[in-house]
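The primary structure of each chain is shown beneath.
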Amino acid sequence: MNNKTYYFPNPEHESDFFGGEYPICIDFAEVERLANEWGYESNDDLLSELHEASESEIAEYGIYDS
């Protein structure tokens, strides 16, 4: 089991977050990159739209390590 934390969008943000692309669980470095790219004031603003990915989400969607 990987001890690294991964994140996945809350249900109400899934379509906005993935924009029709393949869903995947992301690591914190990717959260930081996306927050910066998408113009969020802080990482916490983007994190409020995410939750820690469950083992079942990781198994279903896979992980992205940036």
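Look up: the structure comes first, before these words.
Analysis parameters
Residues numbered from 1 in each chain as written. Predicted model: local features only at pLDDT ≥ 70, side-chain atom pairs only at ≥ 80, totals over all residues. Heavy atoms only, no water. Helix = DSSP H or I, 4+ residues; strand = E, 2+ residues; numbered from the N terminus. Rg over C-alpha atoms; globule rule 2.2 N^0.38 Å. Buried < 20%, exposed > 50% of the residue type's maximum accessible area, 1.4 Å probe, protein only. Contact = heavy atoms within 4.5 Å. Areas by Shrake-Rupley, 256 points an atom, 1.4 Å probe, with all protein chains shown as cover.

J.: Help me out: how do you make sense of the overall build of the chain in this one?
T.: Within the chain, the secondary structure is distributed over four helices and four strands. At 11 Å, the chain has a C-alpha radius of gyration in line with the 11 Å of a compact globule built from 66 residues. Per-residue burial for the chain yields a buried fraction of 30% across its 66 residues. Within the chain, counting contacts between residues at least 6 apart in sequence, those at least 24 apart form 58% of the total. Carbon and sulfur atoms make up 45% of the accessible area of the chain, which amounts to about 4300 Å² in all.

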